[in-house]
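Single-letter residue listing:
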Amino acid sequence: MTRVFNFSAGPAALPLEVLEQARADIPDWAGMGMSVMELSHRSKAFIEVAESAEADVRSLLTIPDDYAVLFLQGGATLQFALLPLNLAAADQSLDYLVTGSWSDKAAKEAAKLRTVNIAGTGADGNFTDVPARDSWQLNPDAAYFHYCPNETIHGVEFHAPPDVGGQTLIADMSSTILSRPIDVSRFGVIYAGAQKNIGPAGITIMIIRRDLLAGSQTGLPNIMRYAAHAEKDSMLNTPPTFAWYMAGLVFKWLLRQGGLEAMATVNRRKAEALYAAVDGSDFYSNPVNPAYRSWMNVPFTLADPELDKAFLQGADEAGLTNLKGHRSVGGMRASIYNAVPEEAVTALIAYMADFEQRHA
Ligand SMILES: *Cc1c(COP(=O)(O)O)cnc(C)c1O
């Protein structure tokens, strides 16, 4: 078996221990004589998987009791549409902060459904910075304030939630959830597609304050209504059972690593080492304001873009894969989520130094 170091932005690396556990479980899971995929979602055995995944994510993130945890489908992208539909009346407006491609998409989808006020945008600076807090234009009547704590494509991350006064804060945490401890009580809603830091694609986690659930719009079809999913413990219809089980294995793996404090220590160390390598050379660069550089997605460019192809080819040969930057930004991007080990970052830094020496 040859495992590469996988820097994919998503679907992304999963912990090897988790993959091995899943492989061992597939033919005969927990003495059931079948895999977890072949089991009714209503069975006692699967409900235990579901409940234990919820209990473990609650423990990892210290989620207060007045928050529900939903396991949904449709990715973060479906939530771009369902959040306005559930949490705002037809005549209510919404505040969106735009700091990169994902918050831009979220704002554009919401604008098809409700009146959207762009509270601030980093577009002028090509999303290399967060607009200064005192420049944001908040609408005090907005139903909520939406932002993206970690812009997966631009590598722009908030290291603490912004102060938006009394407004309900909604965060698309798809690419940063579980990378460190957070104070859930600061948020009205946190949501995240699984395929970056949680598990395989196909499941979306939403942490939502229960008073917001209670207020969710009533005219919607049940499948679109958060309150209906909550009433049925996220089993309104058949959930993606295998993805739910895999997320549960990842939560247990995170607990074994020492939880999110321990993950934060390693994640910070990985990011700092990589940024130091980029900043320490004239050959590589990262344009993001250091105060907002992402721990999870590190975009960088080569001084000479003509060398991009050779860089990527050599990286592949060295077992360092999926480093090509998003087409909208160019250059490279190393996604260094929880499951990307420190050795992967060390190997990447060594490769970068070697490549520079050969080509500078
Ligand atoms: C990947 C990503 C999305 C899109 O997720 P889907 O599951 O494909 O809908 C949205 N927001 C952020 C921040 C992402 O990283």
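A quick note: this is a predicted structure, and the numbers were derived from the prediction, not measured. (Residues numbered from 1 in each chain as written. Predicted model: local features only at pLDDT ≥ 70, side-chain atom pairs only at ≥ 80, totals over all residues. Heavy atoms only, no water.)

A.B. asks: Requested: an account of the pattern of salt bridges, with residues and values cited.
C.D. replies: Following the criterion strictly, the structure yields twelve salt bridges and no others. Put simply, Asp-56 and Lys-252 hold a salt bridge, and the shortest N to O gap is 2.6 Å. Note that Asp-56 is positioned in helix α2 (residues 44–61) and Lys-252 in helix α7 (residues 241–257), a separation of 196 residues in sequence. Measuring nitrogen to oxygen at the nearest pair gives 2.8 Å for the salt bridge that ties Asp-279 to Arg-293. With a gap of 14 residues between them, Asp-279 in helix α8 (residues 259–279) and Arg-293 in the loop between β11 (284–285) and β12 (297–302) connect regions that are remote in the sequence. Using a relative accessible area of 9% as the deciding quantity, one classes Arg-293 as buried. (Salt bridge = Lys/Arg side-chain N within 4 Å of Asp/Glu carboxyl O. Helix = DSSP H or I, 4+ residues; strand = E, 2+ residues; numbered from the N terminus. Buried < 20%, exposed > 50% of the residue type's maximum accessible area, 1.4 Å probe, protein only.)

A.B. asks: Could you give an account of the domain arrangement of the protein chain, with specific residues and numbers?
C.D. replies: Structurally, the protein chain comprises domain 1 (25–256) and domain 2 (258–359). Together domain 1 and domain 2 conceal approximately 2,200 Å² of surface at their shared face, both sides included; 58% is due to carbon and sulfur atoms. Summed over the shared surface of domain 1 and domain 2, the number is zero salt bridges. Counting every contact that joins domain 1 to domain 2 gives 17 residue pairs in polar contact (both at pLDDT 80 or more). Looking at the side of domain 1 that touches domain 2, the elements that each hand over two or more residues are α2, β7 (156–157) and α7. When residues of the side of domain 1 that touches domain 2 are assigned to their parent elements, the largest contribution, four residues, is made by α7. Partitioning the side of domain 1 that touches domain 2 into residue classes produces eleven nonpolar, eleven polar and five charged. (Domains from an automatic or database assignment. Buried area = accessible area lost by both parts, 1.4 Å probe. Polar contact = N/O pair within 3.5 Å; in protein donor to acceptor, adjacent residues only side chain to side chain. Nonpolar A, V, L, I, M, F, W, Y, C, P; charged D, E, K, R; others polar.)

A.B. asks: Describe α7, and please don't skip the residues or the numbers.
C.D. replies: The end-to-end C-alpha distance of α7 is 25 Å, a good match for the 24 Å that 17 residues give at a rise of 1.5 Å each. With twelve of 17 residues buried, α7 is to be regarded as a mostly interior element. Along α7, the positions that sit buried rather than exposed are Thr-241, Ala-243, Trp-244, Tyr-245, Met-246, Ala-247, Gly-248, Leu-249, Val-250, Phe-251, Trp-253 and Leu-254. Check the buried side of α7 and you find it contacts α1 (16–25), α2, β2 (67–72), β10 (204–209) and α8. (Expected span 1.5 Å × (residues − 1). Contact = heavy atoms within 4.5 Å.)

A.B. asks: I'd like a description of the side chain of Thr-168, backed by residues and values.
C.D. replies: With respect to the secondary-structure elements, Thr-168 resides in the loop between β7 and β8 (169–172). Filtering out sequence-adjacent residues up to four positions away, Thr-168 remains in contact with Ala-143, Tyr-144, Phe-145, Gly-188, Arg-209 and Leu-212.

A.B. asks: Go over the site of the ligand, please, and point to the residues and values.
C.D. replies: The full set close to the ligand counts 13 residues, and Thr-77, Thr-152, Asp-172, Gln-195 and Lys-196 are the nearest of them. Interatomic distance of 2.9 Å between a side-chain N/O atom of Gln-195 and an oxygen atom of the ligand. One of the side-chain N or O atoms of Lys-196 is found 2.6 Å from an oxygen atom in the ligand. Considered on its own, the ligand offers 390 Å² of accessible surface; in the complex 86% of this is hidden by protein. Per-element accounting of the shell around the ligand gives the leading share, four residues, to helix α3 (residues 75–87). In terms of residue class, the shell around the ligand is made up of four nonpolar, seven polar and two charged. (Near = heavy atom within 4 Å. Areas by Shrake-Rupley, 256 points an atom, 1.4 Å probe, with all protein chains shown as cover.)

A.B. asks: Outline the packing of aromatic side chains, listing residues and values.
C.D. replies: Where two aromatic rings form a pair, the distance of their centres and the angle of their planes describe that pair. A full pass over the atoms with the stated rule returns 18 aromatic pairs. Relative to Tyr-147, the ring of Phe-145 has its centre 6.4 Å away and its plane inclined at 45°; by these criteria the two rings are tilted. The pair Phe-145 / Tyr-147 is uniform in exposure class, with both members buried. An angle of 80° between the planes, with centres 5.2 Å apart, marks the rings of Phe-311 and Phe-355 as edge-to-face. Here the residue Phe-311 occupies a position in helix α9 (residues 308–317), and Phe-355 occupies one in helix α10 (residues 342–359), the gap between them amounting to 44 residues. Given the relative accessible area of 0%, Phe-311 is considered buried. Joined through ring pairs, the aromatic side chains of Phe-283, Tyr-284, Phe-300, Phe-311, Tyr-351 and Phe-355 make up one cluster. Here the basic side chain of Lys-105 rests over the ring of Trp-102, its NZ or CZ set 4.6 Å away from the ring centre. Arg-180 extends its terminal NZ or CZ atom over the ring of Trp-295, reaching a point 3.8 Å from the ring centre. (Phe/Tyr/Trp six-rings, centres within 6.5 Å; stacked < 30°, edge-to-face > 60°. Lys NZ or Arg CZ within 6 Å of the ring centre and 35° of its normal.)

A.B. asks: Account for the pairing of β2, with residues named and values stated.
C.D. replies: Of all six residues in β2, six are buried, a share of seventy percent or more. What you see with β2 is no split at all: Tyr-67, Val-69 and Phe-71 on one side and Ala-68, Leu-70 and Leu-72 on the other are buried throughout.

A.B. asks: If you had to explain the nonpolar core to someone new, which residues and values would you point to?
C.D. replies: For soluble globular proteins, nonpolar side chains are generally found buried alongside one another. Counting 55 residues, the largest nonpolar core has Leu-61, Ile-177, Leu-178, Ile-198, Ile-207 and Phe-251 as the members making the most contacts within it. Per-element accounting of this core gives the leading share, ten residues, to α7. Contact partners of Leu-178, with chain neighbours within four places excluded, come to Val-57, Leu-60, Leu-61, Asn-197, Ile-198, Phe-251, Leu-254, Leu-260, Met-263 and Asn-338. Among the nonpolar cores identified, the runner-up in size contains 34 residues, and Ala-13, Leu-302, Leu-320 and Val-345 belong to it. (Core = buried A, V, L, I, M, F, W, Y, C linked by side-chain atoms within 4.5 Å.)

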